[in-house]
Amino acid sequence: MLPCFVKTPIPLEELEVEWKRIDSETLVHLWQDGESRPESQNHHYYERANFFTEEIAHGNFSLLLTNVTRKDVGVYKCTVYTKLDSGETLIEIKEIERLIVSGAHIMSAYAGEDITLNCSVDSHITPEKIEEVSWKKTDEDILVLLYQEGEILTESTGERYVDRVEFFSDEERKKGNFSLRLKDVRTEDKGLYMCLVFSGELSANTTVEVQQLGLSFLHIAIFILCILGFVIGSLILGFLSYTSYKKEDDSRRALGVQCAHVLIPNITMSIVFIIWGVTEGFFTEAATCSALNFVRSLFLLWTALHLKTFQDFPCRLINHFPILLQYTVITGVAYSRIFVDIFDRGDIIYKVFLLLSPSFLLLALIKEIGYCRKILPAGYSAIELYSTVYSNTLRMVVITIRYGLHQTIFTLFFPILQLFWISFCNIPKRWNYLFWVSVMFILEVLSTSGSIYLHYDAIIDMKERDALVCVTAFLHILTLITLFRHLNYLPAHQSESRNTGTQRSHLVVFMFGTVGVVFLNAVVLSVELILKARNGERTVDLRLILLPTESVFAVCYLTLQISAFFYGTFHRRLRENRKFRRLRYICNIKNKPDTDSSPQSNEHELENLASVPHPSGS
């Protein structure tokens, strides 16, 4: 502001104000005939020099000069004319303080490359005068890198950009070069970045837009692996596997084709998710998706009744550990961040508890291990059941400890009661058998509801919370599978009937797991990569799609287990019960027609009566 005013206001009709530069007689601005005359201004000052129009009538003729540059340095004269008199004042601009920041505005790159976001500060500003330089991703409000008081504060960098951003050397910064080097560009890096510079009371900024991010070589490799894994592993090998099943081929070649049908697509998708996680940086999400595909292989081999029996160690591995392995791997991967966080922040008591909890499980299983020596399949299934229920309880305790949810500690009542019911209430052999199963099933449903409520009550990131809810629902479905697997492997168990109907049901579920689930995995990952390359941002957490799909597959197999229980094990236990056999015999006698029978028929009746086993003492 260049000041110029009079104490006594002057009538506007008598007033003329003229601003000029003395050195060049350049007209800066003019007030005449009651209004400003911008058309009279020198082009250098056009729209840069303005009167305070409302203040003219009060005697204030000051001039506001904007966007000042070095060319504006000099002496300015304000001359006021009236009909009777005139007066003038001189104002000198000695030094111009300014802050000019410049840089490139639009750039393109390929994912995986290193790029430079330009930001240069006017060279007349010394480094000592620059107090702060910050790079931000403005569309997501993420602090990328901060320079303050001569130091680079990397601890303030957003998690996504850790170890991927840096300034140039100290010599370059002294020259005013505060450009940002962004390494290993990812598709989510697409967007608008701002370089904001502060020097005293001055501030200025420049923006750089990363507009296009092409797919990298690794992204193309992911697409190719998804296509090959599904086409070769699921479709071609699936067709050959189904052909072998229809022909009832018992050869080793047929068994190799069937195993390849299971292993190739699932292991391929597991590798694809690992590559995607390394490329994009979503380690927990990628690890969970990769683990789902990897452990599904063993689960599918156990599911398929039409596959021929393996020998020795592979047989034991497939028959005894599919659920426990799947449960352990998914739990460890999905909750690893929470476990590590407790070790980093928790008290020593919590750390000791987490370290000793596997020992508690081992001690609790001694009884089941002893049982395992007598009846091998039932023993292993008992270990699976107890381990999954114990792990469910431990997960809920860990969530409660980590987030201080003392007000919801009542949710631990159901899993603890479930542990008690398994440990101290042996499975009965008579009429109250169905009661034991019903109580166990109800407790598992209540435990699942409490676990989901506990996750929603926890103060965690919404996206992570939804993913963990899907994880815990899937884990509880696996627990129900271990329950009915154990019930179907009781001492009264006979080999599961492998009739045509049973095999077809298992085959449908098996094909859904090897073809349908793999296809959905490949499509979801491919669509995510395409949308992210186009929009530069994530669309959805892949766990929110893949885990519910995996849960549907597990529920399908759980349905087969429940069916085998009610139409196999439960009916068999009921038929073997003496009271039930006696009741059935009495009902048969009452339902016989009351007619005279020949001695020969009476003789046959006595023979039938003698053939029915009676309870001791009858």
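As the structure is a prediction and not an experimental result, all values here were calculated from the model. (Residues numbered from 1 in each chain as written. Predicted model: local features only at pLDDT ≥ 70, side-chain atom pairs only at ≥ 80, totals over all residues. Heavy atoms only, no water.)

Caption draft 1: Broad picture of the packing of aromatic side chains. Within the structure shown, the criterion is met by 15 aromatic pairs. For the pair Phe 413 and Phe 414, a centre-to-centre distance of 5.5 Å together with 70° between the ring planes defines the contact as edge-to-face. With relative accessibility at 51%, the residue Phe 413 sits in the exposed group. A connected cluster of aromatic rings, assembled from ring pairs, spans Phe 299, Trp 302, Phe 512, Phe 553 and Tyr 557. The ring of Phe 168 carries the charged tip of Arg 181 above its face, separated from the ring centre by 4.4 Å. (Phe/Tyr/Trp six-rings, centres within 6.5 Å; stacked < 30°, edge-to-face > 60°. Buried < 20%, exposed > 50% of the residue type's maximum accessible area, 1.4 Å probe, protein only. Lys NZ or Arg CZ within 6 Å of the ring centre and 35° of its normal.)

Caption draft 2: Up close: the pairing of strand 13 (residues 142-148). For strand 13, the tally of buried residues reaches 5 of 7 residues, placing the bulk of the element in the interior. Pairing geometry for strand 12 (residues 132-137) and strand 13, over 6 bridges, is antiparallel. Bridging across to strand 13, Lys 136 finds its partner in Leu 143. In this antiparallel pair of consecutive strands, strand 12 and strand 13, the connection spans 4 residues, and Asp 141 shows a positive phi of 55°. Inspection of the sheet shows strand 13 paired to strand 14 (residues 151-152) by 2 bridges, in the antiparallel sense. Opposite Tyr 147, over in strand 14, you have Ile 152 as the bridge partner. Between strand 13 and strand 14, which pair antiparallel one after the other, the connecting turn spans 2 residues, and Glu 149 there sits at a positive phi close to 50°. (Helix = DSSP H or I, 4+ residues; strand = E, 2+ residues; numbered from the N terminus. Pairing = 2+ DSSP bridges.)

Caption draft 3: Broad picture of the sheet that holds strand 3 (residues 35-36). Pairing is antiparallel in the open sheet, where 5 strands are placed in the order 3-2-1-6-7. Looking at the sheet topology across the chains shown, the edges are occupied by strand 3 and strand 7 (86-93). When strand 2 (residues 27-32) meets strand 3, the two strands line up antiparallel, connected through 2 bridges. If you follow Trp 31 over to strand 3, its bridge partner there is Ser 36.

Caption draft 4: Geometry of the pattern of salt bridges. Under the defined criterion, the tally for this structure stands at 20 salt bridges. In this structure, the salt-bridge partner of Asp 33 is Arg 37, at a minimum N-O distance of 3.2 Å. Under the relative-accessibility criterion, Asp 33 is labelled exposed at 59%. A salt bridge links Asp 170 to Arg 173, with the nearest nitrogen and oxygen atoms 3.3 Å apart. In this pair, Asp 170 and Arg 173 both sit in helix 1 (residues 170-174), 3 residues apart, roughly one turn of the helix. The exposure class assigned to Arg 173 is buried, which follows from its relative accessible area of 12%. Taken together, the salt bridges that share partners define one network made up of Asp 33, Glu 35, Arg 37 and Glu 39. (Salt bridge = Lys/Arg side-chain N within 4 Å of Asp/Glu carboxyl O.)

Caption draft 5: Spatial organisation of the sheet that holds strand 16 (residues 180-182). If you walk across this open sheet you meet the 3 strands as 10-16-15, and the pairing is antiparallel. Looking at which strands have only one partner, the edges of the open sheet turn out to be strand 10 (115-117) and strand 15 (165-167). The mean angle between the axes of side-by-side strands here comes to 30°, regardless of whether they run parallel or antiparallel. Looking at chain direction, strand 10 and strand 16 are connected through 3 bridges and run antiparallel. In the strand pairing of strand 16, Leu 117 is matched with Leu 180. (Axes fitted to C-alpha atoms, helices over the stretch in contact; angles between N-to-C directions.)

Caption draft 6: Inspection of helix 6 (residues 322-334) at higher detail. Between its terminal C-alpha atoms helix 6 stretches 18 Å, which fits the 18 Å expected from 13 residues at 1.5 Å a residue. Within the span of helix 6, buried status applies to Pro 322, Ile 323, Leu 324, Gln 326, Tyr 327, Ile 330, Thr 331 and Ala 334. (Expected span 1.5 Å × (residues − 1).)

Caption draft 7: Just the state of the cysteines, in detail. This model, assessed by the stated rule, comprises 2 disulfides. Here Cys 4 connects covalently by a disulfide to Cys 78, the sulfurs 2.1 Å from one another. Measuring the twist about the S-S bond at about -70°, one finds the Cys 4-Cys 78 disulfide to be left-handed. Of this pair, Cys 4 sits in the segment before strand 1 (16-21) while Cys 78 sits in strand 6 (residues 74-81), and the two are 74 residues apart along the sequence. When its relative accessible area of 5% is taken as the criterion, Cys 4 is described as buried. For Cys 78, a relative accessible area of 1% corresponds to the buried category. (Disulfide = S-S within 2.5 Å.)

Keep in mind that these numbers describe shape and distance, not what the molecule does.
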